[in-house]
Amino acid sequence: MRYVIIGNSTAAVGAVEGIRKNDLEGEIIIISKEPYHVYSRPLISYLLYGKTDEERMKYRSKDFYDTMNCKAILGREAVKIDDAKKEVHLDDGEVLNYDKLLVATGSLPFVPPMEGLDGVHKRFSFMSLDDAKKVESAISSNSKVLIIGAGLIGLKCAEGISKRVESITVVDLADRILSSILDRDGAEIVKSHMEKRNIKFILNTKVETFANNEAVLSNGEKVEFDVLVLAVGVIPNTGLIKEINGKINRGIVVDEFCQTSIPDIFAAGDCCESFDITMEQNKVLALLPNAYMQGECAGINMAGGKKEYGKAIPMNAISFFGLHIITAGSYIGEVFSKSNGENYKKLFVKDGLLKGYIMIGDIEKAGIYTSLIREKTPLCDIDFELVLQSPGLMAFTRKDRKKILGGVVNEY
Amino acid sequence: MKRVYVNEQWCLGCHLCEYYCAFANSNETDMVKALKDIVIHPRIQIEQKDNISFAVSCRHCEEPLCVKGCITGALSINEGVISVDQNKCIGCFTCILCCPYGAISAGDESIIQKCELCTNNKHGSPHCVKGCPNNAIVFEER
Ligand SMILES: Cc1cc2nc3c(=O)[nH]c(=O)nc-3n(C[C@H](O)[C@H](O)[C@H](O)COP(=O)(O)OP(=O)(O)OC[C@H]3O[C@@H](n4cnc5c(N)ncnc54)[C@H](O)[C@@H]3O)c2cc1C
C-alpha cells in the first residue's frame, strides 16, 4: 500500500498519525512546496515577536518522519494529479504512484484586485515561514507598515512586528476588527486594547489606489507607508482537484469519511469544507484543530478504518498583547451576556442548545462551553444559570458527573 | 492505565489535594516552605457549591482534544500521560478552548499548566491522591 500526501502541515500530520493507527507497514510519501520540516504555521507571528524560534516552531519532533516511517519530499510542488492512472506529477517531472491520495494543500492568500498594487515593492502576504522571513528583512525601526485586513492573520502580524517598527496602520472594509469571530462590542474591547500598543485602525474603508508609497483610501484619507502586508483573507487551495473535475464548492467537497468525489482521493484541512454542526451546513473552517482532526480521520479511513468526521465547529483561541479571546460555534439564537470590568462573555442559545460563545479576558474553562456545543447537550439537563455564570462540571447532575469524572475515559 | 478518579460522595472540600499538587510541582523539598505566603495555582482544582464538592484534574483522555487541537505541538501523549513541552508552548490557550473538563489552566509565564500525574516532578505518582484524607480521589486502573 502506498499513501501519498500533498501538503506537509497540520492536516498532513493528522493523516500520518491516523494512518499509523491502522497500518504500520504501508509506505507514506509526503510532498510539500515548502522546504521545511513540519512547522506550526500560527507561530510565524510569535517568531517575529521573539517568543519562539525556528527550532521550537517544529510542530512535530525532528525524528517525526523517521519514527512514522515516512518519506518527505520537501521543496517540491505537485503540479498535477492523474486520477485515471493514480499518479501525482511533481514540478521536476517526477511521477509518483499512489493507492490512496490525500490532498492537504491548505489555504492561499486572497488578494483582491487593487489599483497600483503591482507598483508596491515591499508587499507581502503573511501565510508562511518564508513570508515571515521576508517581512522580517523588509522592516526596520523606522518602517511605516500598512496592513490590509483586520482579521486574525493581519492582527497577528501587527502584534508580531509591533515592537520593531515605527508605526502600523490597519485598514479594513468591515465595520469592526476580527469580524469573523467577534461581535461589535467584543471587537471594540480588543480594538482599544490594541490601540494602546500604537496600532492604528481605519475601518469601513478600503484602499482605492496605491501610488508610490501612498495608499489612497475610499474615505479620501491618504496613508503613507513603506511596507505593505496583505491579509484580506484566505481561500481554499483547490486547484489540483478542480483540474480533474472533483467536486468543489467553496472548498473541496468531502463526505463524512473525508473522501472527495474522486475514488481513492481524500482531502482534509483548510483546502476543504467541513460539516459545521452548529449551522448544519458545509463550511470552510480554516482553523488548525479542525485541520488536525479532519486529517487524522482521513488517515484512518485511507488505511482501511471506518471513521466519520463529526462534531466539526468553528473554534478559535487567540490573544493580542496578553488579552485572550476564545470563541466557538455560531452566533445565532438568544443571547446571554455576562460581562464585568475587563471580562466579556456572550453565550448564544437556540432550540435549547448552546450554539456559540465569545469570551474575552477571563477564558478559564472555556472548553466546558465548547463541549456543550459539540455534544449538543440539552441545556435543560444542566444548570444553565450556573454554567452561564461560571463554566464547570458543577452544572451537570451528580449522575452525569460520576460518568464524567469516575468513568473510563474514551472521549472524542 | 492508572488514572485519578473522583469519588464525589467522599470529598470534604478541604482543598488539601490542591495544596499537595502545588507543593509537588514547586520542586521544593519542604511543604511548609514551599507554600508559605503564596497564592497557589494547583493543577487539580476543587469545584464547590453548597454542600457539593469534587476535584477536577486532567482525565488523560485516550483521544485528547487538547493534543489534537494544540497549535504548536507542545502537548503530546507519552505512555498515556498527556504532557506539555513548556519550551514549545506559547500560551495561545487553544487547549483551554478544547478541554471538555476545564482541566487545563493558565500557569506562570503565560503558558499553560496541567496535571501530568506527577510524572514530571520528583514524586512520580499523583501527590494529590496521597494528600486526600478521605479517598475522594484515587489513583487506579478502571
Ligand atoms: C499567521 C497565521 C496565524 C494563524 N493562527 C491560528 C490560530 O491561532 N489558531 C488556529 O486554529 N489557526 C490559525 N491559523 C490557521 C492554521 O494555520 C491553519 O488552519 C492550518 O495551518 C491548516 O493546516 P493545513 O494542513 O490544512 O494547511 P496549511 O497549513 O495551509 O499547509 C498546506 C501545505 O500544503 C503545501 N502545498 C500546497 N499546495 C501544494 C502543492 N501543489 N504541492 C506541494 N505542496 C503543496 C504547502 O506548502 C503547505 O505546506 C493561522 C494561520 C496563519 C497564516
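- An unreviewed UniProt entry lists chain B under the name 4Fe-4S ferredoxin, with Acetivibrio mesophilus as the source organism.

- The name an unreviewed UniProt entry gives chain A is NAD(P)/FAD-dependent oxidoreductase, with Acetivibrio mesophilus as the organism.
- According to its UniProt record, chain A has this under Cofactor (unreviewed entry): "FAD".

## So, the sheet that holds strand 12 (residues 199-202) of chain A
Residues and elements named next belong to chain A.
Piece 1. Read across the open sheet, the 5 strands follow the order 9-16-10-11-12; overall the sheet is parallel. At either margin of the open sheet sits one strand with a lone partner, and together these are strand 9 (123-125) and strand 12. If you compare each strand with its neighbour and ignore which way they point, the axes differ by 20° on average.
Piece 2. Here 5 bridges tie strand 10 (residues 144-148) to strand 11 (residues 167-171), and the two strands are oriented parallel to one another.

## Here we look at the domain arrangement of chain A
Residue and element names in this part refer to chain A.
Piece 1. Considered domain by domain, chain A is made up of domain 1 (2-106 + 237-302), domain 2 (110-234) and domain 3 (322-406).
Piece 2. Between the C-alpha centres of domain 2 and domain 3 the distance comes to 33 Å.
Piece 3. Every contact between the two is made by 9 residues of domain 2 and, on the other side, 8 residues of domain 3.
Piece 4. Approximately 800 Å² of surface area, both sides summed, lies buried where domain 2 meets domain 3, with 69% of it carried by carbon and sulfur atoms.
Piece 5. When the buried surface of domain 2 facing domain 3 is broken down by residue, Ile-181, Asp-183 and Ile-189 rank first, second and third, together holding 50% of it.
Piece 6. The interface formed by domain 2 and domain 3 includes 2 salt bridges.
Piece 7. Here Asp-183 and Lys-346 are joined by a salt bridge, their closest N and O atoms 2.7 Å apart.

## Some words on the sheet that holds strand 15 (residues 222-224) of chain A
Backbone hydrogen bonds are what pair the strands of a sheet, in a parallel or an antiparallel way.
Residues and elements named next belong to chain A.
Piece 1. As summarised here, the arrangement of the 3 strands in space is 13-14-15, forming an open sheet in which the pairing is antiparallel. If you trace the sheet from one side to the other, it starts and ends with strand 13 (207-211) and strand 15, each paired once. Across this sheet, the average inter-strand angle for adjacent strands is 20°, counted without regard to direction.
Piece 2. Bridge analysis of strand 14 (residues 214-217) against strand 15 gives 3 bridges, and the strand direction is antiparallel. The residue of strand 15 that forms the bridge with Glu-214 is Glu-224.

## Some remarks on the interface of chain B and chain A
Piece 1. Taken residue by residue, the interface counts 41 residues in chain B and 49 residues in chain A.
Piece 2. Interface area for chain B against chain A, summed over the two sides, is near 4000 Å², with a carbon-plus-sulfur share of 60%.
Piece 3. Between chain B and chain A we count 5 salt bridges in total.
Piece 4. The salt bridge partner of Lys-365 of chain A is Glu-47 of chain B, with a shortest N-O separation of 3.6 Å.
Piece 5. At the junction of chain B and chain A, the tally comes to 15 residue pairs in polar contact (both at pLDDT 80 or more).
Piece 6. Those elements that place two or more of their residues in the side of chain B that touches chain A are strand 1 (2-6), strand 2 (45-49), strand 3 (52-56), helix 3 (65-69) and helix 4 (94-98) of chain B.
Piece 7. Residue composition of the side of chain B that touches chain A, grouped by class: 20 nonpolar, 11 polar and 10 charged.

Definitions and cut-offs
Residues numbered from 1 in each chain as written. Chains lettered and ligands numbered in written order. Predicted model: local features only at pLDDT ≥ 70, side-chain atom pairs only at ≥ 80, totals over all residues. Heavy atoms only, no water. UniProt positions renumbered as here; feature names shortened; annotations may be inferred. Pairing = 2+ DSSP bridges. Helix = DSSP H or I, 4+ residues; strand = E, 2+ residues; numbered from the N terminus. Axes fitted to C-alpha atoms, helices over the stretch in contact; angles between N-to-C directions. Domains from an automatic or database assignment. Contact = heavy atoms within 4.5 Å. Buried area = accessible area lost by both parts, 1.4 Å probe. Salt bridge = Lys/Arg side-chain N within 4 Å of Asp/Glu carboxyl O. Polar contact = N/O pair within 3.5 Å; in protein donor to acceptor, adjacent residues only side chain to side chain. Nonpolar A, V, L, I, M, F, W, Y, C, P; charged D, E, K, R; others polar.

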